[in-house]
Amino acid sequence: MTTFIKPSAVHEAQPMAPHWADVVEIVHEAEGISTYWLKFQDKNLAETYSFLPGQFNMVYIPGYGEAAISISSDAEDRTRIGHTIRFVGNVTRAVSRLKVGDAVGIRGPFGTPWPMVELEGHDITIAAGGIGLAPLRPAIYHIMNHRERYGKVHILYGARTPNDMLYPEEYALWKENDIHVATTVDRADDTWKGSVGVVPMLFYRYRMDAPKSAVLTCGPEIMIRFVIFEGLARRVPADHIYVSLERNMKCGQGSCGHCQLGPYFICKDGPVFRFDQLEDFFNVEEF
Amino acid sequence: MSQEKLEIGSTYALPKAEFDNLLARLKEKGFETLGAKVDHETLVYEPISALADLPQGYISEQKAGEFRLKKTHHKRYFDYIPGAHSWKQFLFPSRQELFTLHKNGDGWNTELPDVEQPKYAFIGVRGCELSAIQIQDGIFMREDFTDPTYAKRRQNLFILAVNCLHPAETCFCTSLKTGPKVSPGFDISLTELEDVFLLEIGSEIGRLVLQGLPLEASSAFLLQAAQKGLERAEKKIQRELDTSDLPDLMTKNLDHNHWQEIAERCLSCGNCTQVCPTCFCWDTVDTSDLLGKETKRERVWDSCFNPSYSYYAGGNTRPTISTRYRQWLTHKLGTWKEQYGTLGCVGCGRCIVWCPAGIDLTEEIPLFREEKS
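Residues numbered from 1 in each chain as written. Chains lettered and ligands numbered in written order. Predicted model: local features only at pLDDT ≥ 70, side-chain atom pairs only at ≥ 80, totals over all residues. Heavy atoms only, no water.

With respect to unusual backbone geometry
Geometrically, the link from G270 of chain A to P271 of chain A is a cis peptide bond, its omega value of 10 degrees lying close to zero. Locating P271 of chain A in the fold gives a position in the loop between helix 6 (266-269) and strand 15 (272-274). Of note in this structure, H40 of chain B is not a glycine but carries a positive phi near 50 degrees. Inspection of the secondary structure puts H40 of chain B in the loop between strand 2 (32-39) and strand 3 (42-47). The backbone phi angle of S268 of chain B is positive, close to 60 degrees, even though this residue is not glycine. (Helix = DSSP H or I, 4+ residues; strand = E, 2+ residues; numbered from the N terminus.)

Digging into the pairing of strand 3 (residues 56-61) of chain A
All names here are of chain A. Counting buried positions along strand 3 gives six out of six residues, so the element sits mostly inside the fold. For strand 3 and strand 4 (residues 65-70), the ladder comprises six bridges, and the chain directions are antiparallel. Its bridge partner lying in strand 4, Y60 is registered against E66. Where strand 3 folds back on strand 4, the antiparallel hairpin that results is connected by three residues, among which G63 adopts a positive phi of roughly 90 degrees. (Buried < 20%, exposed > 50% of the residue type's maximum accessible area, 1.4 Å probe, protein only. Pairing = 2+ DSSP bridges.)

What to know about the nonpolar core
Grouped together as the largest cluster of nonpolar side chains are 110 residues, with contacts concentrated most on F19, L22, F78 and F122 of chain B. Sort the elements by how many residues they give to this core and helix 3 (residues 127-140) of chain B lands first, with seven residues. Residue contacts for F78 of chain B: discarding those within four places in its chain leaves F19, L54, I123, G124, R126, V162, L190, E192 and F197 of chain B. In this structure, A30, M144, Y157 and Y242 of chain A belong to the second largest nonpolar core, which totals 34 residues. (Core = buried A, V, L, I, M, F, W, Y, C linked by side-chain atoms within 4.5 Å. Contact = heavy atoms within 4.5 Å.)

Details of the pattern of salt bridges
Applying the stated criterion across every chain yields a total of 33 salt bridges over all chains. Across the pair R147 of chain A and D178 of chain A runs a salt bridge, and its minimum N-O distance is 3.7 Å. Here D178 of chain A lies in the loop between helix 4 (171-176) and strand 9 (179-185) and R147 of chain A lies in the loop between helix 3 (137-145) and strand 8 (153-159), a separation of 31 residues in the sequence. Judged by its relative accessible area of 14%, R147 of chain A falls in the buried class. The salt bridge involving E230 of chain A is made with R234 of chain A; its shortest N-O contact spans 2.8 Å. For E230 of chain A, a relative accessible area of 8% corresponds to the buried category. What you see here is one network of salt bridges that share partners, running through E66 and R107 of chain A together with D286 and R297 of chain B. (Salt bridge = Lys/Arg side-chain N within 4 Å of Asp/Glu carboxyl O.)

Quick look at the interface of chain B and chain A
With 44 residues of chain B at the interface, the matching set in chain A holds 41 residues. Buried surface at the junction of chain B and chain A, summed over both partners, amounts to about 3800 Å²; 56% is from carbon and sulfur atoms. By the criterion of area lost to chain A, the three top residues of chain B are F145, W282 and Y312 of chain B, representing 15% of everything that side buries. Notably, a salt bridge pairs D283 of chain B with K250 of chain A, separated by 3.3 Å at the nearest N-O pair. Counting across the chain B and chain A interface gives 18 residue pairs in polar contact (both at pLDDT 80 or more). (Buried area = accessible area lost by both parts, 1.4 Å probe. Polar contact = N/O pair within 3.5 Å; in protein donor to acceptor, adjacent residues only side chain to side chain.)

A word on helix 7 (residues 220-236) of chain B
Residue and element names in this part refer to chain B. The terminal C-alpha atoms of helix 7, which comprises 17 residues, lie 24 Å apart, in line with the 24 Å expected from a rise of 1.5 Å per residue. Listed in full, the buried residues belonging to helix 7 are L222, A226, G229, L230 and A233. Mapping the buried residues of helix 7 onto a view down its axis gives an arc of 95 degrees, with all of them on the same face. Residues of helix 7 that are exposed and point more than 90 degrees away from the buried face comprise A220, F221, R232 and K235. Against the buried residues of helix 7 lie strand 1 (11-15), strand 10 (188-192) and strand 11 (196-201). (Expected span 1.5 Å × (residues − 1). Arc of directions from axis to C-beta.)

Some points on the environment of R187 of chain A
Residue and element names in this part refer to chain A. As for its placement among the helices and strands, R187 is situated in the loop between strand 9 and strand 10 (195-196). Through-space distance from the C-alpha of R187 to that of D209 is 31 Å; in sequence the pair is 22 residues apart. Residues within four places of R187 in sequence aside, it is in contact with R160, T161 and P162.

Quick look at the domain arrangement of chain A
Residue and element names in this part refer to chain A. Parsing chain A into structural domains produces domain 1 (19-110) and domain 2 (123-244). Computed from C-alpha coordinates alone, the two centres of domain 1 and domain 2 are separated by 24 Å. The interface is formed by 18 residues belonging to domain 1 together with 15 residues belonging to domain 2. Both faces considered, domain 1 and domain 2 share a buried interface measuring about 1300 Å² in area, 53% of it formed by carbon and sulfur atoms. On the domain 1 side of the contact with domain 2, E29, S72 and E76 bury the most area, a combined 31% of that side's loss. Applying the counting rule to domain 1 against domain 2 returns zero salt bridges. (Domains from an automatic or database assignment.)

Structural notes on the side chain of S73 of chain A
Residue and element names in this part refer to chain A. Along the polypeptide, S73 turns up in the loop between strand 4 and strand 5 (81-86). Separated by 2.9 Å, the side chain of S73 and the backbone nitrogen of G82 make a polar contact. Apart from residues lying up to four places away in sequence, S73 is in contact with W37, F51, R80, I81, G82, P138 and Y141.

If you want it as structure tokens, here you go:
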């Protein structure tokens, strides 16, 4: 995790200057959430840009600023890059007004990836809440592309309501690839026949072979906290629990200071952390 | 003497009247010379062209929350202790253009600003300040991220350092081992005696600048006078910061009740971070024209005391003053060490002097050693 690989889309002369990518498709995912499919204008970059599951790009809208957005597409699909974006702040609301053909600035990819190679041979539980599924989707693609390298795989996913669930049309594909999928919502509606409750609850649905299991999680911090608790309670080693964190990020390269958590710059030393790296800080409030 | 070859590591005496020639030499070599000037009853770092621009005869009395320039009877030029300004504003400007975008159909053309960077010569860099520059070198010139402006300005930089002979009451460089004598890293270091400046050559460019000036060999008498002055200065520094249990003292006391006690006095104004010569946090700001055809993106100093500093989609990570103060101090004296190999404090005392509430970290730190309640 420590070797530095130069990100493909970062200018040498000014690392804060963006590369430009065109919006080639916009897919509505849920209320206030869409996936933006992008293609770099620079043909050479479009071919050479590569990322690892769990990494993010800084997405720039001139006049509004940049937001750190995880990449939610298949890392092996080199034709385009997908970002699933929730319209929640200044920049992402500007993103919501983009049309196909518009250009956005991109810098990246930044940050640490999910440890897909280290986890080969392991059972994997992916626990996600809300938009937290987006940074985990590349990990799911990776598992499906190399299904034989992993043991039992469970996806535990929760959203506020059935309408807020991301990528519902893909769950069948996941199941075809021998992945167990369990979903839950905070509030059901008339159509919902599944479970109601929080994501950590879904751990009670199956038995884990703890020593050979790993947990990958992303979502609201409160959910992450309880997912970690459930993992540890089942004796999953702390160094086999991986967490993707979010903070205010401006540079993506560990320079501007904003995303610090203790000694870490989340943009550079994270966003994916092994839980044993975080133990000292994770339960300190407002740190 | 002036015809002999000067040597790096050797010390020479320059009559004070010749100092302007040294400045002229620097100008000839393309340097913009910057130094301390009196302005509105404080000291600022600005362009200087002659020794007379320096605050001759001034000392600066400094206490927690207090800075007073005072004229004395003596005629020395470097007895002052710097004010709120530090050199960081020149290497890491408080506002700086990153690029400008011009609308072009559905896309944008990126225009990078002129890459020609100024060549600065800092005149009068103190030991603590030189250490601060070296700390920021590690921040802005990392293997995996180099800030182009900083790197260029730093490569161009000429440092004329000064040994501090009259430290202020707020100085505690001895605790951080950054002064009062300057450590290597300078091009020339200067010690001010009554009639002459003693100059030690620290680099090849420093040697070239001095070559040909009417220098005298430094006598044992002068060297001893300089040594005595430094010993007196060291004795004068009474303020202390015990660093023996740092950084652990910080990282193991995140839940200490003293954070709240400090927060009751702290205004969260961020002065400490702006005057701190090592604080490096920055933000980005876009300025657009009304037609949306042009956007300038700038980098500006930020502060961990700004409420917006840690604001993101999930809310504000540090919504209270106590959590922001804790972030600042645990970073400075704690986690900085793991990030950059040193503490983030050089003992200059600026955060003490320029705190409107007079919060003094050297007084607060020992309180974290007391029992938590």
